Amino acid sequence: MKKSIPMIAAAAFVFGTAALIIKKLLEQPLDTVPKVDLNRYLGRWYEIAAIPQRFEKGCTYTTAQYSLNDDGTIAIKNSCISKGIQRTAIGKASISDPVSNAKLNVSFFWPFSGKYWIIDLASDYSYAMVGHPNRKYLWILSRKPWMEKETYKELLISAMSKGFDISKLKITPQKSGD
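Rules used throughout
Residues numbered from 1 in each chain as written. Predicted model: local features only at pLDDT ≥ 70, side-chain atom pairs only at ≥ 80, totals over all residues. Heavy atoms only, no water. Phe/Tyr/Trp six-rings, centres within 6.5 Å; stacked < 30°, edge-to-face > 60°. Buried < 20%, exposed > 50% of the residue type's maximum accessible area, 1.4 Å probe, protein only. Core = buried A, V, L, I, M, F, W, Y, C linked by side-chain atoms within 4.5 Å. Helix = DSSP H or I, 4+ residues; strand = E, 2+ residues; numbered from the N terminus. Contact = heavy atoms within 4.5 Å. 1 Å grid on protein atoms, 1.4 Å probe; cavity = no way out; pocket = protein on both sides within 12 Å on 5 of 7 lines; lining within 4 Å. Points joined across faces, edges and corners; volume = space filled by probe spheres on them. Nonpolar A, V, L, I, M, F, W, Y, C, P; charged D, E, K, R; others polar. Disulfide = S-S within 2.5 Å.

**Side note on the packing of aromatic side chains**
For the structure on display, the rule yields 4 aromatic pairs. Measuring from centroid to centroid gives 5.1 Å for Tyr41 and Trp45, while their planes differ by 35°, and the two rings are tilted. Overall, Tyr41 belongs to the buried group, its relative accessible area being 5%. A residue is classified by how much of its surface remains accessible, and Trp45, at 0% relative accessible area, is buried. On the numbers, 6.1 Å between centres and 75° between planes, the contact of Tyr66 with Tyr116 is edge-to-face.

Below, the structure written as structure tokens:
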């Protein structure tokens, strides 16, 4: 019994320290990338992984298509296959930070909107990581329906360092023929 008390104390210390670190990360503002060229960001993105949300339940082969509207907003067309049926959601995004273009407000059901912050972006725009400042939403996107394992690992490390719970991330199955 005497040996278990120090073990319990050590475990409590480790878990307590981890909890404090996570709390500190969540209190810090979420940094975005410094600049997004919207023309390069537009187009098709494949969802590689995401923290599953209620509206994405059961989705596979998930993609997002972004295009510019005449009024300067961004048209969004999200598609996925759920229970063998293609589902599509049409939305609109507006830039909330015109200096960086990395912070957007996205709406699929007016008047409700959510924050869509680009927190990592490849210099060649081949991948992106998007999150919400509350760190409950996270998407890893690629221009291809797959991603190199090393790149994915680097994005996981980046997400974790930004305070996201990467244990909640789920890989999104994609069609290999795309």
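**Quick word on the nonpolar core**
Counting residues in hydrophobic clusters, the biggest one holds 23 residues, and the most contacted among them are Val36, Tyr41, Tyr66, Tyr116, Ile118, Leu121 and Leu141. Secondary structure elements with two or more residues in this core: helix H2 (38–41), strand E1 (43–50), strand E2 (59–68), strand E3 (74–82), strand E5 (103–109), strand E6 (112–121), strand E7 (127–131) and strand E8 (138–142). It is E6 that provides the largest number of residues to this core, a total of 3 residues. With near-sequence residues (within four places) excluded, Val36 lies in contact with Tyr41, Ser100, Asn101, Ala102, Ile118, Leu121 and Tyr125.

**Observations concerning the layout of surface pockets**
Of the voids in this model, the largest pocket is the one considered here, and its volume is about 920 Å³. Lining the largest pocket we find 32 residues, and of these Phe55, Asn78, Val106, Phe108 and Trp139 sit closest to its centre. Of all the elements in the fold, those that place two or more residues in the lining of the largest pocket are E1, E2, E3, strand E4 (85–95), E5, E6 and E8. Among the residues making up the lining of the largest pocket, the classes are represented as 17 nonpolar, 10 polar and 5 charged.

**Some words on the environment of Trp45**
Looking at where Trp45 falls in the secondary structure, it is placed in strand E1. What Trp45 contacts, discounting residues up to four positions off in sequence, is Thr62, Thr63, Ala64, Tyr66, Leu121, Tyr125, Ser126, Tyr127, Ala128, Leu141, Ser142 and Arg143.

**Regarding unusual backbone geometry**
For Lys83, which is not glycine, the phi torsion reads 55° and is therefore positive. Within the secondary structure, Lys83 sits in the loop between E3 and E4.

**Overview of the state of the cysteines**
All told, the structure shown has 1 disulfide when counted by the stated rule. Covalent S-S linkage joins Cys59 and Cys80, the inter-sulfur distance amounting to 2.1 Å. Of this pair, Cys59 sits in strand E2 while Cys80 sits in strand E3; the two residues are 21 residues apart in sequence, bridging distant segments of the chain. With relative accessibility at 16%, the residue Cys59 sits in the buried group. Looking at Cys80, the relative accessible area reads 4%, which means it is buried.

**Quick word on empty space enclosed by the protein**
Unfilled space is identified by rolling a water-sized probe across the atoms. Within this structure, the stated rule accounts for 1 cavity of 30 Å³ or more. The computed volume of the largest cavity comes to approximately 50 Å³. Forming the walls of the largest cavity are Tyr41, Tyr66, Ile74, Ile76, Ala93, Leu104, Val106 and Tyr116. Those elements that place two or more of their residues in the lining of the largest cavity are E3 and E5.

**What about the environment of Gly84?**
You can see Gly84 is positioned in the loop between E3 and E4. Gly84 gets classed as exposed once you look at its relative accessible area, which sits at 70%. Spatially, the C-alpha atoms of Gly84 and Cys59 are 9.5 Å apart, while their sequence positions differ by 25 residues.

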